[in-house]
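# Analysis of the macromolecular model
What follows is each chain in one-letter form.
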Amino acid sequence: MNEDLFSEHIPLMRPWLGEEEGNAVRDVLASGWISLGPKVAELEQKIAALVGAKHAVATNSATSALHLAMQTMGLERGDEVLLPSFTCMANANAVLIAGGVPRFVDIERDTLNLDPADVERRITPRTRAIMMVDQIGLPADLDALRAVADRHGLLLIDDAATAFGGKYKGRYVGGHGVPTCYSFHPRKMITTGEGGMLVTDNEAWAERARTLRSTGASVSDLRRHQAKGALFQQYFESGYNYRMTDLQAAVGVVQLTKLDRMLEQRAEQASLYGELLARFDEVRPPHVPAYAAHAYSSYCIRLTPSAKVPAEEVVRRMAERNVSCRRGIPPLHFEPVFKEEMAGLHLPETEAAAQETMFLPIFPGLLASQQRVVITALERSLLS
Ligand SMILES: Cc1ncc(COP(=O)(O)O)c(C=O)c1O
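This is a predicted model, so every value here is computed, not measured.

## What to know about the sheet that holds strand β11 (residues 292-293)
- The three strands lie next to each other as β7-β6-β11, forming an open sheet whose pairing is antiparallel. Two strands bound the open sheet, and with one partner strand each, they are β7 (171-172) and β11.
- Pairing of strand β6 (residues 167-168) with β11, which is carried by two bridges, proceeds in the antiparallel orientation. Note on β11: the bridge partner recorded for K167 is A293.

## Details of the side chain of K188
- Mapping K188 onto the fold places it in the loop between β8 (180-183) and β9 (196-200).
- One buried charged residue, K188, remains without a salt bridge, the closest side chain of opposite sign being E194 at 7.8 Å.
- If we ignore the near neighbours within four places in the chain, the residues touching K188 are M13, A161, T162, S183 and R266.

## Digging into the environment of T87
- Counting through the fold element by element, T87 comes out in the loop between β2 (80-84) and α5 (89-97).
- The class for T87 is buried, based on a relative accessible area of 3%.
- Ignoring sequence-local partners within four residues, the contact set of T87 consists of V133, Q135, I329, P330 and L332.
- Within polar-contact distance, the side chain of T87 engages the side chain of N91 at 2.6 Å.

## Describing the packing of aromatic side chains
- Evaluated as defined, the whole model comprises seven aromatic pairs.
- Measuring from centroid to centroid gives 5.3 Å for F104 and F338, while their planes differ by 75°, and the two rings are edge-to-face. With F104 in strand β3 (residues 101-105) and F338 in helix α13 (residues 336-339), this residue pair connects regions lying 234 residues apart in the sequence. Of the two residues, F104 and F338, both sit in the buried class.
- Summarising the aromatic geometry, the rings of Y240 and Y242 are spaced 4.9 Å apart at their centres and angled 15° between planes, so their arrangement reads as stacked.

## Quick word on the sheet that holds strand β5 (residues 155-159)
- Across the sheet, which stays open at both edges, the seven strands sit in the order β1-β9-β8-β5-β4-β2-β3 with mixed pairing between neighbours. Edge positions in the open sheet fall to β1 (55-59) and β3, since each of these has one partner strand only. Across the sheet, the mean angle separating the axes of adjacent strands is 25° when strand polarity is ignored.
- Its contacts with the sheet place helix α8 (residues 203-213) against β1 and β9, and it is angled at close to 20° to β1.

## Thoughts on helix α12 (residues 311-320)
- Of the residues making up α12, those classed as buried are A311, V314, V315, R317 and M318. Seen along its axis, α12 keeps its buried residues to an arc of 165°; they face one direction.
- In the core, the buried residues of α12 are packed alongside β12 (299-303), β13 (326-327), α14 (348-356), β14 (357-360) and α15 (368-381).
- In the segment just after α12, N322 is the residue with positive phi, at about 65°.

## Examining the site of the ligand
- Lining the immediate environment of the ligand, one finds 15 residues, of which A62, T63, D159, S183 and K188 sit closest.
- Between the ligand and the protein, one listed contact pairs a nitrogen atom with a side-chain N or O atom of D159 at 2.5 Å.
- Protein burial of the ligand: of its 390 Å² of free accessible surface, 85% is covered by the chains.
- Looking at the shell around the ligand, the elements with two or more residues in it are α4 (62-73) and α5.

## Side note on unusual backbone geometry
- Even without being glycine, K169 reaches a positive phi, approximately 50°.
- Relative to the elements of secondary structure, K169 occurs in the loop between β6 and β7.
- For T215, which is not a glycine, the phi torsion comes out positive at approximately 65°.
- Topologically, T215 is positioned in the loop between α8 and α9 (221-226).

## Regarding the pairing of β14
- Burial along β14 is two-sided: the residues T357 and F359 and M358 and L360 are all buried.
- When β13 meets β14, the two strands line up antiparallel, connected through two bridges. The partner of R327 across the bridge, within β14, is M358.

## Thoughts on the domain arrangement of the protein
- Domains assigned within the protein are domain 1 (4-257) and domain 2 (259-381).
- On a C-alpha basis, the centroid separation for the pair domain 1 and domain 2 is 24 Å.
- Across the interface of domain 1 and domain 2, roughly 4400 Å² is buried in total on both sides, 63% from carbon and sulfur atoms.
- It is I10, L12 and W16 that lose the most area in domain 1 upon contact with domain 2, and together they represent 18% of the buried surface on that side.
- Here domain 1 and domain 2 share two salt bridges between them.
- Of the charged contacts, one joins R109 and E349 as a salt bridge, the two residues approaching to 2.9 Å between their closest N and O atoms.
- For the pair domain 1 and domain 2, the number of links is 18 residue pairs in polar contact (both at pLDDT 80 or more).
- Of all elements in the fold, only α5, β3, β6 and α10 (246-257) reach the threshold of two or more residues within the side of domain 1 that touches domain 2.
- Here the side of domain 1 that touches domain 2 gets five residues from one element, more than from any other, and that element is β3.
- Here the residues of the side of domain 1 that touches domain 2 are counted per class, giving 29 nonpolar, eleven polar and 13 charged.

Analysis parameters
- Residues numbered from 1 in each chain as written.
- Predicted model: local features only at pLDDT ≥ 70, side-chain atom pairs only at ≥ 80, totals over all residues.
- Heavy atoms only, no water.
- Pairing = 2+ DSSP bridges.
- Helix = DSSP H or I, 4+ residues; strand = E, 2+ residues; numbered from the N terminus.
- Buried < 20%, exposed > 50% of the residue type's maximum accessible area, 1.4 Å probe, protein only.
- Lys, Arg positive; Asp, Glu negative; His and termini not counted.
- Salt bridge = Lys/Arg side-chain N within 4 Å of Asp/Glu carboxyl O.
- Contact = heavy atoms within 4.5 Å.
- Polar contact = N/O pair within 3.5 Å; in protein donor to acceptor, adjacent residues only side chain to side chain.
- Phe/Tyr/Trp six-rings, centres within 6.5 Å; stacked < 30°, edge-to-face > 60°.
- Axes fitted to C-alpha atoms, helices over the stretch in contact; angles between N-to-C directions.
- Arc of directions from axis to C-beta.
- Near = heavy atom within 4 Å.
- Areas by Shrake-Rupley, 256 points an atom, 1.4 Å probe, with all protein chains shown as cover.
- Domains from an automatic or database assignment.
- Buried area = accessible area lost by both parts, 1.4 Å probe.
- Nonpolar A, V, L, I, M, F, W, Y, C, P; charged D, E, K, R; others polar.

So this is what it looks like as structure tokens:
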């Protein structure tokens, strides 16, 4: 571990990794089976059972899990997919890789998640799917979005990359019967270094996703190994290499045992930030609707009209004070890759949120004393 990376400042995020993950990786190395195998299957079973989904398919990222979700659900070349612009490029990438056409939709001012009314307004005869995103760890209003999808016969996919451990109406995201994808990147709730997972109740989609994630082979490497090479694979369609390794899955299995403590710590940290921010006119803490339990994979504040310093400048000043923050999410429809195609598209809530939001450090192990340092730095950084 390179301590220098984290020693001199308060980082935005730091994964909670220890000896136990190291031991788990060593055991896998000693077993001789290091890629997709029994540890991946164990992680899949544990996560499916935890969130209340029938099937789980581990992948090498959430991007690939989203791709597999859309392909197995039957998205076809040229189909339009409605998704937020206030999200990471991976969402649009997954749509494009699946042959779809991304169409951006505005968000709600308070939750920063898809606005179901704007989703409905933007449906065209070419729309095939809605990709909802539980942004920043906050579950989106699934029932409202599912109602829109049902009314118009659209597919619904839930990107819970940042919201593993978050709950919608008392149940984990992923446990509501909608194909849902998680990310295990180090900035997410639990990590496997890189990694992702698709959970679904649809057995046929899960089986096809398993085949597609590993070249399209009808027989997995593990089953061939167990049959001592006497089983032969066939290819009914071409696939990918989206395999998670057993080394990664072993880390994930250990991380899962810490999930409750991670969620608890993050909720406590969010609560302390909320208290400390209560006296600031310039800043609003994140809004949590009654239907949601926030996973707080990140802590996103919003500057109010009382703030005289723009969020980007506040982030720069925080860095000078040795506190790593992050600006809000830049709208995808302004990215050079989409700019021409999306010319004239105006998403007022997305554009305002991008200007007015920023992320404060939150992670397991962040001390209350460090949070107070963050808030003092923020107070000074807000001075005009
Ligand atoms: C909302 C969202 N979706 C998807 C992804 C992609 O995750 P991955 O890096 O595992 O592909 C991210 C990553 O930052 C994300 O924030």
